[in-house]
Amino acid sequence: MWLQKALVLCIAANQALSFSVQPVARRVGVVTMNTRPVPGKFQSVTQSISNKFRGVAPTADPRSLTVMQDAAAPAETKKGLGIDIPLLTYFFLWYLGNYYYNISNKLALKAAGGAAGFPMTISCLQLGVGVLYAMFLWLAPDARKTPNLTKDDVLKFLPVGLCAAGAHAGSVFALGAGAVSFAQIVKSAEPAFAAVIGTLVYKSTYSLAKWLCLVPVIGGVTLASVKELDFAWSALISAATANVFAAFKGNENKKLLSAEGLKERVGSVNNQFALTTIFAFLFSIPLLIWREGSRWAEFKQVWATTPAVRFNLVASGLWFYAYNELATMTLTKTSAVTQSVANTAKRVIVIVGVAIVMGESLDPLKLLGCGIGIGGVFLYSIIDNLIKPKK
């Protein structure tokens, strides 16, 4: 069932990302929107579904959708709700994908032996599933335009791919070594790692207010660790390692996007994530060989005899790719404050939801630490906007 849901989410993500809707004019009685469709079979299906959902009849020009309202209705009732349905759909699918990824990933790790099993192999193969899906979209007719990279572009992608591989592997190790909720709480402290690494390595500057916001972040994680029944140093260290790689990845990604003409050659944020996944997969292979290469025959035996490993590994790979691609598109369409709220809400939903489903501990002190830590992350994200002088 989860594998089917993962496939549906991947297809829905591709359909949702194939066009965007932007309101360009508002006047009494008329609402006009422009769409930027990608020509081909995928886009036509999306457009048809979108029209039916909105109750809009097909028009001769697909780039202009005009909905005429009742002219006799009072003017004050014609403002509409202003709800961005596509954006809400992105949020819903992003949260859904993240939730199911954490569950299917944990089930795959447990079925393969937990922390003593094959976390690096599972991490690598999850990225491999994403690579296959990305290549399918490039090869399928009218699905997605392939990027046109130069040798210099490939070299610029290497640091991002390496960091992405490290961040993903660290997360999978942490999720296999301890409770999912605990690993997510530690991972929520990523801004603290980003601030330190950004200052020491990339010469970034942060306001005093941001530094002060890191106190509740670190304090919350520490408080949550005190009463963690499934506490394991390996989970804490792996999650912290994932945060380090994620911090480097964020800074390297900024450098990558600043390269002249690269955005045009890559083609889209979807292609950017696909390329990052490919390079991360390639970097994960040597790590797999180093960590678990000598046990490859043992893993093949587990794969052949344990359906739960096969099923959840493939499902988690699809969930991981789909929710990350949707998250990338969602965050590019929202403001900084909205991004902060969205990320905070996602953490809370995943931590509490997965803990309930997996039967993990929800000690009051752990929940208090979780709330303080995530609240500190949210405050860190918006503090500069709150205290900046009014013009």
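Let me begin by describing the structure that accompanies this report.

Parameters at a glance
Residues numbered from 1 in each chain as written. Predicted model: local features only at pLDDT ≥ 70, side-chain atom pairs only at ≥ 80, totals over all residues. Heavy atoms only, no water. Core = buried A, V, L, I, M, F, W, Y, C linked by side-chain atoms within 4.5 Å. Buried < 20%, exposed > 50% of the residue type's maximum accessible area, 1.4 Å probe, protein only. Helix = DSSP H or I, 4+ residues; strand = E, 2+ residues; numbered from the N terminus. Contact = heavy atoms within 4.5 Å. Phe/Tyr/Trp six-rings, centres within 6.5 Å; stacked < 30°, edge-to-face > 60°. Patch = residues over 30% accessible without salt bridge, like charges linked within 9 Å, V, L, I, M, F, W, Y side chains within 5 Å. Areas by Shrake-Rupley, 256 points an atom, 1.4 Å probe, with all protein chains shown as cover. Salt bridge = Lys/Arg side-chain N within 4 Å of Asp/Glu carboxyl O. Axes fitted to C-alpha atoms, helices over the stretch in contact; angles between N-to-C directions. Parallel < 35°, antiparallel > 145°, perpendicular 65-115°, else oblique. Left-handed = near helix turned anticlockwise from the far one by under 90°.

1. Examining the nonpolar core
Grouped together as the largest cluster of nonpolar side chains are 81 residues, with contacts concentrated most on W94 and V354. Looking at this core element by element, the count peaks at twelve residues for helix α3 (residues 85–111). Residues in contact with V354, not counting those within four places in the same chain, are Y99, N102, I103, V180 and I349. A192, A209, L214 and Y380 belong to the second-largest nonpolar core, a separate cluster that totals seven residues.

2. Observations regarding the packing of aromatic side chains
Applying the stated criterion across every chain yields a total of 16 aromatic pairs. Centre to centre, the rings of Y202 and F248 are 6.1 Å apart; their planes meet at 65°, and the pair counts as edge-to-face. Of the two residues, Y202 is situated in the loop between α7 (190–200) and α8 (208–226) and F248 in helix α9 (residues 233–257); the sequence distance between them amounts to 46 residues. Note on F248: relative accessible area 25%, which makes it partly exposed. Ring geometry for F299 and W303: centres 6.3 Å apart, planes at 45°, overall tilted. With F299 and W303 both in helix α12 (residues 296–305) and four residues apart, this pair spans about one turn of that helix. Overall, the relative accessible area of 3% leaves F299 in the buried class.

3. Quick look at a nonpolar patch on the surface
Together, V196, L200, V201, L208, W211 and L212 make up a nonpolar patch on the protein surface, roughly 590 Å² of accessible area in all. Mapped by element, the contributors of at least two residues to the nonpolar patch are α7 and α8. Sorting elements by how many residues they give to the nonpolar patch places α8 first, with three residues. Residue placement: W211 occurs in helix α8.

4. Quick notes on the packing of helix α5 (residues 151–177) against α9
Close contact between α5 and α9 brings their axes to 7 Å; oriented N to C, the two are set at 160°. Considered as vectors, α5 and α9 are oriented roughly antiparallel to each other. Between α5 and α9 lies a crossing whose hand is left-handed.

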